[in-house]
Amino acid sequence: MRQIAIIEAPSVLGLRPSGVQDLPTALLDAGLLDHPGAVRGGRLEAPPYEPERDPGTGVLNPGAIAGYSVLLADAVGDALDRGAFPLVLGGDCSILLGNLLALRRRGRHGLLFLDGHTDFYQPAAEPLGEAASMDLALVTGRGPRLLTDLEGRGPLVRDEDVVAFGFRDSAESAEAGMQPLPAGLHAVDLDAVRAVGAHAAARDAVARLTGGASAGYWVHLDADVLDDAVMPAVDYRRPGGLSWSELESVLRTALADERATGLDVTIFNPRLDPDGGIAARLTECLRRGLSALTGQGSSPGGEEDGPLP
C-alpha cells in the first residue's frame, strides 16, 4: 500500500484570510487521516499577510509566496523521496507553485488542473492582485519573474503538459480581460466534460498527460470545480459545476494511474460550512478517489462503494 503523506499548507497569501486557511483542520477533523496509508507529512505556516499590492508586480505578497513555495517544495520533495504520495491541503491556489516546483526539480511533469476557473489572469486584469486567480498562468511561465522563474526553473510546467478540466468561467474571464489560454494547453470546459461524460473525459485527460515525455503528473483540485449547489463554501461562487459522483469518478481515474505523483486541495472555506456537513462530504469524496491509489475498492462493510449523490 502506498503511503499518503498529508501536508498542511494553510497559506492565504494569494487570496485573503477569508477562512480557506482552515481547510486542513476541517478535513482532518472530518476523518481524512483515517484513510488507509495516510500519515501526517507536516504543516507549513505561511508568513504574515500583507493586504497591499506590490507596486512592482501588481500582485499581493509576491515575495512571501515565492519564499513559501520553496519551503513547500522541500516538504513535497521529502515525501516523494520517501516514496510517498503527497496530499497537500491548502490554502488558496497559489500553493500550486510550490507543489510543481518540487516536481520541476525532478524533471518534466504534467498537470491535471481541476478548477471551476481557469486562473489565467495577468496582474493588470486581476482586480485585486490575487495570485490565486493567476496560478495556472504563473506555473506556465506567464507573469512576474519573481513568481514564474522560481529557482531559475521556470516555467514549472509546459503548456502541452497541462489539461485544464471542468472550468466554467470563460465568458466572465473574457469580459474581465484575462489573457486567453494558449493553443498548446488542452482545455476541457464543463460543457466538454458533460458531452462525453466525466469518466471518459478524465480518461482522455490522463492519456494526454501520460502520452508525452513527462515523468508523471500532479492533480490540482480547487473545490469550486464542484457544482455550486453542493459546494457553496467557496469565496468566488459560480452556478453549475461537477456533481460529487462526477468528481469522484475523475479522481479515481486520475489517481489509478501509477504516474499520478501528488494531489492538492484548495479553496474550500470551512467558515461557510458551519455544521461541517460539506467538509464531511468533501472528505468522503477524497477518500473514495484516493481508494484508486491505495487499492481499497470497498467500503468498511465490504460492499463495493457506490457513487456519491
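Use the structure listed above.
Residues numbered from 1 in each chain as written. Predicted model: local features only at pLDDT ≥ 70, side-chain atom pairs only at ≥ 80, totals over all residues. Heavy atoms only, no water.

Novice: So what's going on with the environment of Arg288? Which residues, and what values?
Specialist: As for its placement among the helices and strands, Arg288 is situated in helix α10 (residues 277–294). Take Arg288: its relative accessible area is 14%, and that puts it in the buried class. As a C-alpha pair, Arg288 and Arg168 span 120 residues in sequence and 25 Å in three-dimensional space. (Helix = DSSP H or I, 4+ residues; strand = E, 2+ residues; numbered from the N terminus. Buried < 20%, exposed > 50% of the residue type's maximum accessible area, 1.4 Å probe, protein only.)

Novice: Before we move on, could you go through the pattern of salt bridges and cite the residues and values that matter?
Specialist: For the structure shown, the criterion picks out 21 salt bridges. Taking the shortest distance from any N to any O, the salt bridge between Asp22 and Arg271 comes out at 3.0 Å. You can see Asp22 sitting in the loop between β1 (4–8) and α1 (23–29) and its partner Arg271 sitting in the loop between β8 (260–266) and α10, a full 249 residues away along the chain. According to the relative accessible area criterion, Asp22 is partly exposed, its value standing at 29%. (Salt bridge = Lys/Arg side-chain N within 4 Å of Asp/Glu carboxyl O.)

Novice: Explain helix α2 (residues 62–81) to me, using residue names and the numbers behind them.
Specialist: In this model α2 runs 28 Å from its N-terminal to its C-terminal C-alpha over 20 residues, within 8% of the 28 Å that 1.5 Å per residue would give. Where α2 is concerned, the buried positions are Pro62, Ile65, Ala66, Tyr68, Ser69, Leu72, Ala73, Ala75, Val76, Gly77, Ala79 and Leu80. In this structure, the buried residues of α2 make contact with β1, β3 (85–89), α3 (96–104), α5 (145–148), β7 (217–222) and β8. Phi turns positive, to about 80°, at Gly83, one or two residues after α2. (Expected span 1.5 Å × (residues − 1). Contact = heavy atoms within 4.5 Å.)

Novice: Just give me the short version of the packing of helix α8 (residues 198–210) against helix α9 (residues 244–256), but keep the residues and values in it.
Specialist: Two quantities define a packed helix pair, namely the angle between the axes and the distance from one axis to the other. At a minimum axis distance of 9 Å, the contact between α8 and α9 shows a crossing angle of 30°. Viewed along their axes, α8 and α9 adopt a mutual orientation that is roughly parallel. In the crossing of α8 with α9, the sense of the turn from one axis to the other is right-handed. Residues Ala198, His199, Ala202, Arg203 and Val206 of α8 form the contact with α9, whose own contacting residues are Glu246, Ser249, Val250, Thr253 and Ala254. Of the residues contributing to the contact of α8 with α9, the split by class is five nonpolar, three polar and two charged. (Axes fitted to C-alpha atoms, helices over the stretch in contact; angles between N-to-C directions. Parallel < 35°, antiparallel > 145°, perpendicular 65-115°, else oblique. Left-handed = near helix turned anticlockwise from the far one by under 90°. Nonpolar A, V, L, I, M, F, W, Y, C, P; charged D, E, K, R; others polar.)

Novice: Break down the pairing of strand β4 (residues 110–114) for me, with residues and values.
Specialist: Buried residues dominate β4, accounting for five of its five residues. Burial of the side chains of β4 extends over both faces: Gly110, Leu112 and Leu114 are buried on one face and Leu111 and Phe113 on the other. As paired elements, β4 and β7 share five bridges and run parallel to each other. Across the sheet, the residue bridging to Phe113 is His220, located in β7. (Pairing = 2+ DSSP bridges.)

Novice: I'd like to hear about the sheet that holds β1, residue by residue, with values.
Specialist: Strands sit in the order β2-β1-β3-β8-β7-β4-β5-β6 across an open sheet of eight strands; the sheet is parallel. For this open sheet the edge positions go to β2 (38–43) and β6 (186–188), each flanked by a neighbour on one side alone. The mean angle between the axes of side-by-side strands here comes to 15°, regardless of whether they run parallel or antiparallel. Sheet topology places β3 next to β8; three bridges connect them, and they run parallel. Residue pairing for β8: Leu89 is matched across the bridge by Val265. Helix-sheet contacts for α8 involve β4, β5 (162–165), β6 and β7, and the interaxial angle to β5 is about 165°. Where α9 meets the sheet, it contacts β3, β4, β5, β7 and β8, and its direction lies at approximately 165° from that of β7.

Novice: Please give an account of α9 that cites residues and values.
Specialist: With 13 residues, α9 extends 18 Å between its outermost C-alpha atoms, agreeing within 8% with the 18 Å of an ideal straight helix rising 1.5 Å per residue. Every buried residue of α9 is listed here: Trp244, Glu246, Leu247, Glu248, Val250, Leu251, Thr253, Ala254 and Leu255.

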